[in-house]
Amino acid sequence: MAASIFTAVPRAPPVAVFKLTADFREDGDSRKVNLGVGAYRTDEGQPWVLPVVKKVEQMIANDSSLNHEYLPILGLPEFRANASRIALGDDSPAIKENRVGGGVQSLGGTGALRIGAEFLRRWYNGNNNTATPVYISAPSWENHNSVFVDAGFKDIRTYHYWDAAKRGLDLQGLLNDMEKAPEFSIFILHACAHNPTGTDPTPDQWKQIAAVMKRRFLFPFFDSAYQGFASGSLDKDAWAVRYFVSEGFELFCAQSFSKNFGLYNERVGNLTVVGKDADNVQRVLSQMEKIVRTTWSNPPSQGARIVATTLSSPQLFAEWKDNVKTMADRVLLMRSELRSRLESLGTPGTWNHITEQIGMFSFTGLNPKQVEYMIKEKHIYLMASGRINMCGLTTKNLDYVAKSIHEAVTKIQ
Amino acid sequence: MALLHTRRFLAAPRLAAARASSWWSHVEMGPPDPILGVTEAFKRDTNSKKMNLGVGAYRDDNGKPYVLNCVRKAEAMIASQKMDKEYLPIAGLADFTRASAELALGENSEAFKSGRYVTVQGISGTGSLRIGANFLQRFFKASRDVYLPKPSWGNHTPIFRDAGLQLQAYRYYDPKTCSLDFSGAMDDISKIPEKSIILLHACAHNPTGVDPRQEQWKELAATVKKRNLLVYFDMAYQGFASGDINRDAWAVRYFIEQGINVLLSQSYAKNMGLYGERAGAFTVICSDAEEAKRVESQLKILIRPMYSNPPLNGARIASIILNTPDLRKEWLVEVKGMADRIISMRTQLVSNLKKEGSSHNWQHITDQIGMFCFTGLKPEQVERLIKEFSIYMTKDGRISVAGVTSGNVGYLAHAIHQVTK
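Residues numbered from 1 in each chain as written. Chains lettered and ligands numbered in written order. Predicted model: local features only at pLDDT ≥ 70, side-chain atom pairs only at ≥ 80, totals over all residues. Heavy atoms only, no water.

- You'll find chain B entered in an unreviewed UniProt entry as Aspartate aminotransferase, with Nyctiprogne leucopyga given as the organism.
- Listed in UniProt under the heading Catalytic activity (unreviewed entry), the comment for chain B reads: "L-aspartate + 2-oxoglutarate = oxaloacetate + L-glutamate".
- According to the UniProt record, the Cofactor (unreviewed entry) comment for chain B is "pyridoxal 5'-phosphate". (UniProt positions renumbered as here; feature names shortened; annotations may be inferred.)

- For chain A, the name recorded in an unreviewed UniProt entry is Aspartate aminotransferase, with Nyctiprogne leucopyga as its organism.
- Its UniProt record, at the heading Subcellular location (unreviewed entry), says of chain A: "Cytoplasm".
- Quoted straight from UniProt, the Subunit (unreviewed entry) entry for chain A says "Homodimer."

**A closer look at the overall build of chain B**
Okay, so step 1: Across its full length, chain B carries 18 helices and 13 strands.
Okay, so step 2: Its C-alpha atoms give chain B a radius of gyration of 24 Å, within 12% of the compact-globule value 22 Å for 421 residues.
Okay, so step 3: When the backbone C-alpha atoms are referred to their principal axes, chain B occupies close to 70 × 65 × 55 Å.
Okay, so step 4: Scored against the burial criterion, the 421 residues of chain B give a buried share of 61%.
Okay, so step 5: Long-range contacts, defined as pairs at least 24 residues apart, comprise 75% of the intrachain contacts of chain B with a sequence gap of at least 6.
Okay, so step 6: Looking at chain B, you have 54 positive and 42 negative side-chain charges, and the mean spots of the two groups are 5 Å apart. (Helix = DSSP H or I, 4+ residues; strand = E, 2+ residues; numbered from the N terminus. Rg over C-alpha atoms; globule rule 2.2 N^0.38 Å. Buried < 20%, exposed > 50% of the residue type's maximum accessible area, 1.4 Å probe, protein only. Contact = heavy atoms within 4.5 Å. Lys, Arg positive; Asp, Glu negative; His and termini not counted. Charge placed at Lys NZ, Arg CZ, Asp CG, Glu CD.)

**Description of helix α17 (residues 379-389) of chain B**
All names here are of chain B.
Okay, so step 1: All of the buried residues along α17 are Q381, V382, L385, I386 and F389. Summarising the axial view, the buried residues of α17 lie within an arc of 140°, below the 170-degree limit, and thus occupy one face. Exposed and oriented more than 90 degrees from the buried face of α17 are E380 and K387.
Okay, so step 2: The secondary structure elements touched by the buried residues of α17 are β12 (391-392) and α18 (409-420).
Okay, so step 3: The positive-phi residue at the C-terminal boundary of α17 is S390, with phi of around 60°. (Arc of directions from axis to C-beta.)

**Quick notes on the pairing of strand β4 (residues 156-160) of chain A**
Residue and element names in this part refer to chain A.
Okay, so step 1: Bridge count between strand β3 (residues 134-138) and β4: five bridges; the pairing is parallel. Following the sheet pairing, Y135 is matched in β4 by R157.
Okay, so step 2: Between β3 and its parallel partner β4, the chain crosses via helix α6 (residues 143-150), and the hand of that crossover is right-handed. (Pairing = 2+ DSSP bridges. Right-handed = clockwise from strand over helix to strand, strands pointing away.)

**Regarding the UniProt feature "domain: Aminotransferase class I/classII large" (unreviewed entry) in chain B**
Okay, so step 1: According to UniProt, the feature "domain: Aminotransferase class I/classII large" (unreviewed entry) maps to residues 49-416 of chain B in the numbering used here.
Okay, so step 2: Segment residues 49-416 of chain B splits into 47% helix and 15% strand. End C-alpha atoms: 14 Å apart.

**So, the domain arrangement of chain B**
Residue and element names in this part refer to chain B.
Okay, so step 1: With domains assigned, chain B is organised as domain 1 (34-66 + 340-419) and domain 2 (87-323).
Okay, so step 2: When each unit is reduced to the centre of its C-alpha atoms, the spacing between domain 1 and domain 2 is 29 Å.
Okay, so step 3: Interface area for domain 1 against domain 2, summed over the two sides, is near 1300 Å², with a carbon-plus-sulfur share of 66%.
Okay, so step 4: Remark: the boundary between domain 1 and domain 2 carries zero salt bridges. (Domains from an automatic or database assignment. Buried area = accessible area lost by both parts, 1.4 Å probe. Salt bridge = Lys/Arg side-chain N within 4 Å of Asp/Glu carboxyl O.)

**Concerning unusual backbone geometry**
Okay, so step 1: The omega angle of the peptide bond from A138(A) to P139(A) is 0°, so this bond is cis rather than trans.
Okay, so step 2: Along the polypeptide, P139(A) turns up in the loop between β3 and α6.
Okay, so step 3: The omega torsion of the bond from N206(B) to P207(B) falls at 20°, within 30 degrees of zero and hence cis.
Okay, so step 4: Inspection of the secondary structure assignment puts P207(B) in the loop between β7 (197-201) and α10 (214-226).
Okay, so step 5: In this structure, S390(B) is a non-glycine residue whose phi angle is positive, near 60°.
Okay, so step 6: Tracing the sequence through the fold places S390(B) in the loop between α17 and β12.

**Considerations on the nonpolar core**
Among soluble globular proteins, nonpolar side chains are generally buried collectively.
Okay, so step 1: By size, the foremost hydrophobic cluster in this structure holds 82 residues, and its most contacted members are F119(A), L120(A), F221(A), F252(A), L271(A) and W24(B).
Okay, so step 2: If sequence neighbours within four positions are ignored, L120(A) has contacts with F153(A), I186(A), F219(A), F221(A), F252(A) and W24(B).
Okay, so step 3: Ranked by size, the runner-up nonpolar core spans 72 residues in total, among them Y58(B), L68(B), Y275(B) and I320(B). (Core = buried A, V, L, I, M, F, W, Y, C linked by side-chain atoms within 4.5 Å.)

**Points about the side chain of S137(A)**
Residues and elements named next belong to chain A.
Okay, so step 1: Considering the arrangement of structural elements, one finds S137 in strand β3.
Okay, so step 2: Only 2.6 Å separates the side chain of S137 from the backbone oxygen of P139, close enough to count as a polar contact.
Okay, so step 3: Within the local environment of S137, its side chain forms a polar contact with the side chain of H194, the two groups lying 2.9 Å apart.
Okay, so step 4: Filtering out sequence-adjacent residues up to four positions away, S137 remains in contact with Y159, Y161, H190 and H194. (Polar contact = N/O pair within 3.5 Å; in protein donor to acceptor, adjacent residues only side chain to side chain.)

**Side note on helix α3 (residues 34-44) of chain B**
All names here are of chain B.
Okay, so step 1: For α3, the set of buried residues is V38, T39 and F42. For α3, the arc enclosing every buried residue in end-on projection is 95°, short of the 170-degree limit, so these residues lie on one face. Exposed residues pointing more than 90 degrees away from the buried face of α3 are listed as P34, K43 and R44.
Okay, so step 2: Buried residues along α3 sit in contact with β1 (51-52) and β12.

What follows is the structure in C-alpha cells.
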C-alpha cells in the first residue's frame, strides 16, 4: 500500500476530562466515585432528565404539526428572544431599546463562544486583527484557550484569578492585569460559578472590575454556563452581566442550557450580543450569519424547541425554575455536608472554601500527588487540578470521600 | 442614556473618538443570502398561483414538508425509551457513525470490514464538510488548493475559505448542452497539480443535477489517481437521487476500490428529511486501522473547540432507522418514493412543455438527477417568470424540482414556454 498522506499525523492526547470518565467506567472497584465531568447527578448518582423537559418533550412528540424543516441560520426566533431575555432580565433597558442581538442560537456554550470568537477575530479592533490580546482567567475551563486559538487569535494571555494560598479570588492581581492590558483587549469573564474554582467576585468586586474595564476600553465576553444552577436564582446568577449592560458596555454573553436544562446532548446555547444601538446590532448579526453558515449552516432544532416552549409558558417556566432550584439546593447540601465532615475529621487546613465556593465545582486545594492518590488508591476520580464536581457526591458516598480526602491530605504532601 | 454619553466624553479625547461610537461602527452589512432572498420575495407575493422553486427541501405532491413515516416511528421509539441527555462523545453516537460508514461504503466493502476508516458525527453536510476542511488545513501540508466543479454548491467556497484553504475550479457544466462538459473536465483535471484536493459531488450534483455516467466516473478515477489528487466526496443525496442507495454511492465505492483513499461528507437532511436536526457524518479512508485511530484523535481535537460534541436527536433517529431492519426497509421504500416523485415531475414537466408547443430541446430536464435542475433559462427569462408568473427561482435558472407538484406542473410549463418561445 502506498505511503499515506496521513502517515505523519500524530496521535493526539485525549481530552483530559473525558479520559477521566473513561477510566472511571473501566474501574471495577465498587467504591468508585466520579467527581470529574461537569454533569448533574441525583442523590442516586444518576443523570437527571428534568421533569419539565420530559413533559415538554412529550408535548413535542405528540404534536404532529411539527416537522423537521431547517431553522433560520441564526436559530429558532422564540428560542433566541427568550434565551436573551433570561440572561438580561425582563425589564432590560437594552432589550427595550432594541439593541440586543437576541441572540445567535448555537451548539451549546462552546458553539456560542466559537461564533463570538470568530466574529471578534474578523471584526473587532480593526479587520481580521489576530493580534488583539485575549485574556483568560488562570485557571479557566480548559477549552477556552482552544476556542480562541482555533478562531485565529495569536496572543492569548492569562489574568490572575485564583489565589491558591488563600483559596479565594486574587482581586488585586486581576485588577492589575486589567490595568496593564493593552486597550481593547478581550477578557473572558465567567458570569457566575467560575469553572473550575467556584469562586466568583462579589457585586462590589464586579463593580471595581467594570470600572477598570470601562476606563481601559476592554471588551467583556461573558461565559454564562450555570445561570440558575449556581445560587438557585436566575436573577442573582445574572447580576454581573446585567450590571455591565447597565453600565453601558457593548458585550457578548455565551449562554449554555446544558446544565440548567440538563440538555447536555442536544447542544443548546445562545450568543447574546448587546450593542450601542439597533443598527450596529443588525450589522453584527448579518456578519455572524455568514460565520454560522460555514460552520454548521443552521442549528439543531430539538433542544431549542424544548427551551423555547418552556420559557414562553408561565406555568412551564415556573416548573423549570423549581427544577433548577432542586439541582442547586442538592449541590449546596453536598457542599455543607462535605465541609462539616472534613472539619469533624480534623482534616488539616481550612475547608470553608467548600461552602463559600459556588456552582457545580469546587477547587479543593488538593495537589496533583494527592489527586493521584485519590484516583489510584481510593478510586475517586477528580481532575489533576484538584477540581471536584459536587454533583458526584451523594449521601451514600460522602463519608468515603471525606475520609479519603483526609487520608490524602495527611499522608501525601 | 445621557449619563452614558457623559461618561464617554470624560475619557481622553483621542480615545473618546474611538469609543464614542460603537465597537461595530465599521462592520459592514453582510450581503443577503441569494437563496433566502428568493424565499423572502416568495413569502411577500400574494398571487395564489405562486411557486417557490428556490427551496432546497423536499415537498410532497401537495407542496407540503414531508416527515417520513420511518422517522415518526423512530421518534416514538425514542420517546418511549426515556433515555438520558448525557453528553455524546466528541466523535458522536457510535451506532450512528458505524451505520453511516456502512451505508456509504457498503457492507461488503473491504475498507469498512477492515476498519481502516474513521467516521465522526458532523452537523449535517455543512458541519461534516467543515471538519474535513479544517483537518486538511491542519494536516495536509502538500497543498492549500481545493478544486471545485464549475459550478458548485454556493456554500462550498466560503466553507473551505474560512477553513484557510484556497479555491480553484475545474470545468464541469456545459451551458450549451445543459449537461456534463466531460472533455473539459478531463482536460482540466489532468492538469491539476499533483496532491491538490479535488471535491466531487457523489451524486445529484448541486446545483446542476448533472452527474457523470459510470464509464465517465471510471475515467475520472483513473485520471485522479494518475495525478495523485486527494479526493473529497460530498454526498448529500444518497438514495434521494436515483431512489437506490447503492447506485447513488457507486462512485464513492468505485474510487475506494481503485485504491483511492477518499474523504467523505454525508448528510441525512434530504434522504431522511432530517433537515433541522443536523444529522451528518465525516469519513476518512485510511491506510489501516491504526492510522484511523490517529486521525480520529486529531478530528476530536478540532471538534472540541467548535461545539464540544454533536447533537443527539437527529443522529439517534437516523441510527434507529439504519439499525432496525424493518425501519431500514421502510426507509428505503420512502426514499425511493421521494426520488420517484421528483423523477415523475421532471417527466411531466417535459411532456407539458411539449404540449404547450415548445420547440426547444428539454431533454436535460429528465437527464439531470436529484433535487435540482439547471433549466438553461437566462436571467432575463427568470426575471419574467418571477414578475409575470410569481414563479420564484435563483437567477442562474436553477429550480428545485421538489417544489413542483402535479397540481402546478402545468402552470410551470406554460410559464416557461411563454418566456422562451
